[in-house]
Amino acid sequence: MVKLEILPQSFYNQSTLQLAQALLGHILVKETAEGITAGYIVETEGYLGPKDQAAHGFKNRITKRTEILFAEAGHVYTHTMHRHCLVNVVSGDVGIPESVLIRAVEPVLGIPIMQQRRGEDKKERDLTNGPGKLCQALGITMNDYGNQFTQAPLYIAQGITYEQISASPRIGIDNSGEAKDYLWRYYAEGNQYVSKRKFKERTLITM
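Source: prediction; values computed, not measured.

The element helix H3 (residues 131-138) is extensively covered by neighbouring structure, given that 6 of its 8 residues are classed as buried. Listed in full, the buried residues belonging to H3 are Pro131, Gly132, Leu134, Cys135, Ala137 and Leu138. Buried positions along H3 lie against strand S1 (27-32), strand S2 (35-47), strand S4 (84-91), strand S5 (98-109) and helix H2 (111-118). In the segment just after H3, Gly139 is the residue with positive phi, at about 80 degrees.

So, in structure tokens, the structure goes:
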């Protein structure tokens, strides 16, 4: 049984790109009436707010949807894209709308529940290898918006350390000017649960 020790608030007090890397290997956990589901975070993307054309907080835009991005780091920012829920970790200083998107996790707890939610015919590696997929599998919804990752039902727990990670351009932001080329996507090198494993432009980082 995996021990779930919730990461303290102090963990989130680091720069957005550092946090995007530091999250890799830790465990994303969701408690629901059906049971606990969890997975090792294997892929993230950093979004640097005001100056990042791909970010929801670009030019400090504040709306009903984005207001939580201006809060203290460690809050939950969920939003929908193409009818799918995506989950982000609010990061950076208060008043600066930055965040880290969790793009993929490696299932570790509650796999039968994930299969029920995603479809019995899904291979295990396809349950959570994408930001929309992982939210469906773990039962993460817009109701989690504004909560904190330091307390149930949605939290991040102490995990493992990956010896080598890679950095590459972020995915699905082709209309974001030069921001589409920033190497702000991070993933566990060689992990089969990463959403897109083959990328021509990437940089290896030894942890």
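The discussion continues.
Our focus in this paragraph is unusual backbone geometry. Here the bond from Ala152 into Pro153 is cis, since omega is 15 degrees, no more than 30 degrees from zero. Tracing the backbone through its elements, the reader meets Pro153 in the loop between H3 and strand S6 (154-157). Even without glycine at this site, Lys59 takes up a positive phi of about 60 degrees. Tracing the chain through its elements places Lys59 in the loop between S2 and strand S3 (76-81). Residue Asn60 is not a glycine yet carries a positive backbone phi of 60 degrees.

The next subject is the packing of aromatic side chains. Considering all chains together, one arrives at 3 aromatic pairs under this definition. With a centroid separation of 5.2 Å and an interplanar angle of 85 degrees, the aromatic rings of Phe11 and Tyr12 are classed as edge-to-face. Residues Phe11 and Tyr12 agree in their burial class; the two are buried. For the pair Tyr182 and Trp184, a centre-to-centre distance of 4.5 Å together with 45 degrees between the ring planes defines the contact as tilted. When the ring centre of Tyr47 is taken as origin, the NZ or CZ atom of Arg170, which lies over that ring, is 4.6 Å away.

A few words on the pairing of S3. Bridging between S3 and S4 involves 6 bridges; their strand directions are antiparallel. Directly across from His79, in S4, lies its bridge partner Leu86.

Conventions adopted
- Residues numbered from 1 in each chain as written.
- Predicted model: local features only at pLDDT ≥ 70, side-chain atom pairs only at ≥ 80, totals over all residues.
- Heavy atoms only, no water.
- Buried < 20%, exposed > 50% of the residue type's maximum accessible area, 1.4 Å probe, protein only.
- Helix = DSSP H or I, 4+ residues; strand = E, 2+ residues; numbered from the N terminus.
- Contact = heavy atoms within 4.5 Å.
- Phe/Tyr/Trp six-rings, centres within 6.5 Å; stacked < 30°, edge-to-face > 60°.
- Lys NZ or Arg CZ within 6 Å of the ring centre and 35° of its normal.
- Pairing = 2+ DSSP bridges.

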